[in-house]
Amino acid sequence: MTNPSLSQRDLSVLWHPCTQMKDHETFPPIPIKKGQGAWLEDFDGNRYLDAVSSWWVNLFGHCNPIINAALKDQLDTLEHVIFAGFTHESAVKLAESLIEASPPGLTRCFYADNGSAAVEVALKMSFHYWRNWGAIKKTKFIALENSYHGETLGALAVGNVPLYKETYAALLMEVITVPSPDCYHRAPGESWMDYSSRRFELMENALRDHAESVCAVIVEPLVQCAGNMRMYDPVYLQLLREACDRYHVHLIADEIAVGFGRTGTLFACEQAAISPDFMCLSKGLTGGYLPLSAVLTTDKIYRTFYDDYQKLTAFLHSHSYTGNALSCRAGLATLEIFQQQDIIAKNRILAKTMAKVAARFHDHPHVAEVRQMGMIVAIELVKNKLTREPYPWQERRGLRVYRYALSKGVLLRPLGDVIYFMPPYIITEDELRLMADVAWDGIQLVVKG
Ligand SMILES: *Cc1c(COP(=O)(O)O)cnc(C)c1O
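Residues numbered from 1 in each chain as written. Predicted model: local features only at pLDDT ≥ 70, side-chain atom pairs only at ≥ 80, totals over all residues. Heavy atoms only, no water.

### Details of the domain arrangement of the protein chain
According to the domain assignment, the protein chain consists of domain 1 (31-63 + 343-446) and domain 2 (68-341). Placing the centre of domain 1 and that of domain 2 at their C-alpha centroids yields a distance of 26 Å. Facing 32 residues of domain 1, the contacting portion of domain 2 comprises 32 residues. Counting every contact that joins domain 1 to domain 2 gives 2 salt bridges. Connecting domain 1 to domain 2 are 14 residue pairs in polar contact (both at pLDDT 80 or more). Ranked by residue count, the leading element in the side of domain 1 that touches domain 2 is strand E13 (residues 367-373), at 5 residues. Its residues assigned to classes, the side of domain 1 that touches domain 2 shows 21 nonpolar, 6 polar and 5 charged. (Domains from an automatic or database assignment. Contact = heavy atoms within 4.5 Å. Salt bridge = Lys/Arg side-chain N within 4 Å of Asp/Glu carboxyl O. Polar contact = N/O pair within 3.5 Å; in protein donor to acceptor, adjacent residues only side chain to side chain. Helix = DSSP H or I, 4+ residues; strand = E, 2+ residues; numbered from the N terminus. Nonpolar A, V, L, I, M, F, W, Y, C, P; charged D, E, K, R; others polar.)

Below you can see the structure in the form of structure tokens.
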């Protein structure tokens, strides 16, 4: 099977996610033959360094021997079983491990099969909790400007990236949107902490005005990843936790992208030393192998659903592949790697290397900001460094960086004009350097004309 024939066959039958398919007339999708560690290889032997962890999911490389071995074992034991009325060892062990590893107070694990579904579960559970208490006025959610929580209608409704949302506005429930604590907008000389605390006032106001009708506030802790990798200070989460308690509103932490070590701690919430009422997990949960998501919640919430069947308080939500055995086993292997190889400590060193290779971008005449949170580095490309005026989006300069980088064997996938590095944790210093060099050359090329 050669490379061109597979992409031609692809284009006659497939419809790809988040893609204007017409773009593929000039730049067909690249068929990948195999993956090894941080590298992907096509049918012509070209290799691509996976600097975006295959959409933020891959943590320990492609074809990781430990996860492979665990999956092979699981495959010969049990691939899947209905998860209502039945259970299995991998699902139980993974839930135990997640609860053990997550912030205190999260003691229940509900599985779904993708990130958006986890967000739907958390929204429905929060709403249903208040209903079980007779608080029927609580029907709304507060979300942050520039947030992203997935593509299904409920998740899209609580998101705020216009490119994904606006077309479907007529289909979406109304939410209360609060301006973001995103530190890109801080005043010159203002610290992240000062800016994020100052911005909390707007959240406080929204809670004060709407608490009676609000079930929960949903946030992406510390980094709004799909919203151009914008970042904020942990103090915001501390203030938010305290205010949610004061106003009797749940806090949903969507750790789908930031969980599993991305921000430097296993979960981003740890940096604020808070426990949310719901924590949504997916993406890195299976090390990038298989679809799975989990919603962790508290005993208090679990108990309001726990009653005689006739009371009709049960959470009657399900997905066919809930608790899939292969996915759970991949999750278990992923958590074992974290523990046995002390990944969080190793990542502290790796994050410093990332800062080092990204340092030269600070002074680039078309870079407004280089920001980092643990294992995420983002470089914000602008037309005017001083005024931060962006390039017209129609020019698609980020896309040109993407194409250039591919030609040099690096898979970067900018968000608009924000070039970011979000590599698997097994990446080496040399590979990080290659990634940064290619990004630099790509930027040089696209800022010229
Ligand atoms: C990716 C993502 C989702 C959606 O997960 P899917 O598995 O793509 O549905 C939700 N929230 C955040 C923060 C994400 O990054």
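### Description of the site of the ligand
Every residue lining the ligand is accounted for by Trp 56, Asn 114, Gly 115, Ser 116, Tyr 148, His 149, Gly 150, Glu 220, Asp 254, Ile 256, Ala 257 and Lys 283. Between the ligand and Lys 283 there is a distance of 2.6 Å, counted from an oxygen atom to a side-chain nitrogen or oxygen. In the complex, 82% of the free accessible area of the ligand, which totals 380 Å², lies under the protein chains. Grouping the amino acids of the shell around the ligand by side-chain chemistry returns 4 nonpolar, 5 polar and 3 charged. (Near = heavy atom within 4 Å. Areas by Shrake-Rupley, 256 points an atom, 1.4 Å probe, with all protein chains shown as cover.)

### What about the packing of helix H3 (residues 65-75) against helix H11 (residues 325-340)?
Packed helix pairs are characterised by how far apart their axes lie and by the angle those axes make with each other. Between H3 and H11, the shortest axis-to-axis distance is 9 Å and the interhelical angle comes to 145°. Considering the relative orientation of H3 and H11, their crossing is right-handed. From H3, Ile 66, Ile 67, Ala 70, Leu 71, Asp 73, Gln 74 and Leu 75 reach across to H11, where they touch Ala 325, Leu 326, Arg 329, Ala 330, Ala 333, Thr 334 and Ile 337. A per-class count over the contact of H3 with H11 returns 10 nonpolar, 2 polar and 2 charged. (Axes fitted to C-alpha atoms, helices over the stretch in contact; angles between N-to-C directions. Left-handed = near helix turned anticlockwise from the far one by under 90°.)

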